[in-house]
Amino acid sequence: MKTTTLTQRELRLPAPKAPGDIVAEARDVCVTLGGAAILRNVDLQIRAGRVLALVGPNGAGKSTLLGAISGDLEPTSGTVSIDGASPSAWTWRELAIRRGVLMQRVDVTFPFAVTEVVRMGRSPWAGTPAEDWDDEVVADAMAEADVTKFTDRVFNSLSGGERARAAMARVLAQEAGLLLLDEPTAAMDIKHQELVLHLARGRARRGDAVVVVMHDLALAAAYADEIAVMSRGQIAAVGHPVTVLTPELLTRVYEHPIEVLRHPRTGAVVVLPRRDFSVVPTAPSQRSY
Ligand code: ADP
Ligand code: MG
């Protein structure tokens, strides 16, 4: 039986948001680590009801930016706000009911079962009326992320993609209005990549704000309302996928020739490295010495 219910004064609930309202914001954020400028003057607005894809080459600063927005990493200068206040202004519980984070690397040291890991997502709601829904929310999140069949498996025994889905279920179960997902699809097969982006869209339709870091630009274009391209610690472009994903910008940012095509039937954006197949490598036997 539950005896404790936190009062409104003890737990400040998130302000209701309309689609398009700013849920989180980075203003002129700089992060210096080990003497190196990792983020330089980053401005980013994250809005309710939208999926924002954060893309860019390895080392561009995507995870660092997510860390700064989530409140896990203090900016060297500039400000971050979540629900109108600095992340440090909220208690851990208040922060956790506002934003859920799916880290790029998910390590669970103790041999927890998958269901226990997902249930950890409910911990910020302990002692609130929402706790009554824990079992249902956990079961729904596991079904959504397609991990129900792993309920009693030890989390660490799952494959990379299966782990990522279980971690996704945990962040879904947290029911925060802002989801910060760092490469959730990196280890996933096509079906589950589509599933995760579909879930992200579903949360946005419910009014949540979703940020997804990812490398597949066509996938980002298909599911995101907005794309922010990071390059060398800065935002190189932000906006609607069609306006942002140009061959010129991508070729410059990725330092590799890139083509942007349209799918002949659907018109969907297709992004490919430009490959010149007329240059056939010489087979070793054909070499003359
Ligand atoms: P991304 O997620 O875009 O691949 P990260 O945000 O993880 O990039 O890292 C951005 C850059 O910051 C990388 O070059 C990385 O090596 C560097 N970096 C991250 N953490 C540290 C640190 N503690 N000290 C020095 N450099 C770091
Ligand atoms: Mg990263």
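Residues numbered from 1 in each chain as written. Chains lettered and ligands numbered in written order. Predicted model: local features only at pLDDT ≥ 70, side-chain atom pairs only at ≥ 80, totals over all residues. Heavy atoms only, no water.

### What about the side chain of R98?
Right, so step 1: Along the chain, R98 falls in the loop between α2 (92-96) and β5 (99-102).
Right, so step 2: At 2.8 Å, the side chain of R98 and the side chain of D83 are in polar contact.
Right, so step 3: If we skip the residues at most four places from it in the chain, R98 touches R12, L13, P14, I82, D83, W90, A176, G177 and L178. (Helix = DSSP H or I, 4+ residues; strand = E, 2+ residues; numbered from the N terminus. Polar contact = N/O pair within 3.5 Å; in protein donor to acceptor, adjacent residues only side chain to side chain. Contact = heavy atoms within 4.5 Å.)

### Quick look at the site of ligand 1
Right, so step 1: Near ligand 1 the following residues occur: L33, I38, P57, N58, G59, A60, G61, K62, S63 and T64.
Right, so step 2: Here G59 contributes a backbone N or O atom positioned 2.8 Å from an oxygen atom of ligand 1.
Right, so step 3: A distance of 3.2 Å separates an oxygen atom of ligand 1 from a polar backbone atom of A60.
Right, so step 4: Starting from 570 Å² of accessible surface for ligand 1 in isolation, the protein chains cover 56%.
Right, so step 5: Broken down by element, the residue count for the shell around ligand 1 peaks at three residues, all from helix α1 (residues 62-70).
Right, so step 6: Across the shell around ligand 1, the residue classes break down as four nonpolar, five polar and one charged. (Near = heavy atom within 4 Å. Areas by Shrake-Rupley, 256 points an atom, 1.4 Å probe, with all protein chains shown as cover. Nonpolar A, V, L, I, M, F, W, Y, C, P; charged D, E, K, R; others polar.)

### Here we look at the nonpolar core
A general tendency of soluble globular proteins is for nonpolar side chains to be buried together.
Right, so step 1: Counting 54 residues, the largest nonpolar core has V55, V118, M168, L181, M214, I227 and L245 as its most contacted members.
Right, so step 2: Those residues in contact with L181 that lie beyond four places of it in its chain are L66, L102, M168, V171, V210, V211, V212 and V213.
Right, so step 3: Membership of the second largest hydrophobic core comes to 29 residues, among which are L44, L52, L54 and A228. (Core = buried A, V, L, I, M, F, W, Y, C linked by side-chain atoms within 4.5 Å. Buried < 20%, exposed > 50% of the residue type's maximum accessible area, 1.4 Å probe, protein only.)

### Description of the coordination of the magnesium ion (ligand 2)
Right, so step 1: Distances from the magnesium ion (ligand 2) to its protein donors, S63 (OG) and Q104 (OE1), fall within 2.1 to 2.4 Å. One end of the pair, S63, is in helix α1; the other, Q104, is in the loop between β5 and α3 (114-120), with 41 residues separating them in the sequence.
Right, so step 2: Accessibility expressed as a relative area gives 31% for S63, which makes it partly exposed. (Donors = N, O, S within 2.8 Å, 3.2 Å for Na, K, Ca; no water.)

### A few points about the pattern of salt bridges
Right, so step 1: This model, assessed by the stated rule, comprises 14 salt bridges.
Right, so step 2: A salt bridge links R201 to D225; the shortest N-O distance between them is 3.4 Å. A residue pair is termed long-range when its members are at least 10 positions apart, and R201 in helix α6 (residues 190-205) and D225 in the loop between α7 (217-223) and β8 (226-231) qualify at 24 residues.
Right, so step 3: By relative accessible area, which is 22% here, R201 ends up partly exposed. (Salt bridge = Lys/Arg side-chain N within 4 Å of Asp/Glu carboxyl O.)

### Re the UniProt feature "domain: ABC transporter" (unreviewed entry) in the chain
Right, so step 1: Summarizing the sequence annotation, UniProt attributes the feature "domain: ABC transporter" (unreviewed entry) to residues 24-257 in the numbering used throughout.
Right, so step 2: End-to-end, the C-alpha atoms of residues 24-257 are 34 Å apart, and along that stretch the chain is 35% helix and 25% strand. (UniProt positions renumbered as here; feature names shortened; annotations may be inferred.)

### Side note on the sheet that holds strand β4 (residues 77-82)
Right, so step 1: With antiparallel pairing, the three strands of this open sheet are ordered in space as β2-β1-β4. This sheet does not close on itself; its edge strands, each paired only once, are β2 (36-47) and β4. Recorded for the sheet is a direction-independent mean angle of 15 degrees between the axes of neighbouring strands.
Right, so step 2: Examined bridge by bridge, strand β1 (residues 22-33) and β2 share eight bridges and lie antiparallel to one another. Bridge pairing links V29 to V42 in β2. (Pairing = 2+ DSSP bridges. Axes fitted to C-alpha atoms, helices over the stretch in contact; angles between N-to-C directions.)

### Here's the deal with the environment of R252
Right, so step 1: Positionally, R252 belongs in helix α9 (residues 247-254).
Right, so step 2: On the basis of relative accessible area, R252 is assigned to the exposed category, the value being 55%.
Right, so step 3: Along the backbone, R252 and A236 are 16 residues apart, and their C-alpha atoms lie at a distance of 10.0 Å.

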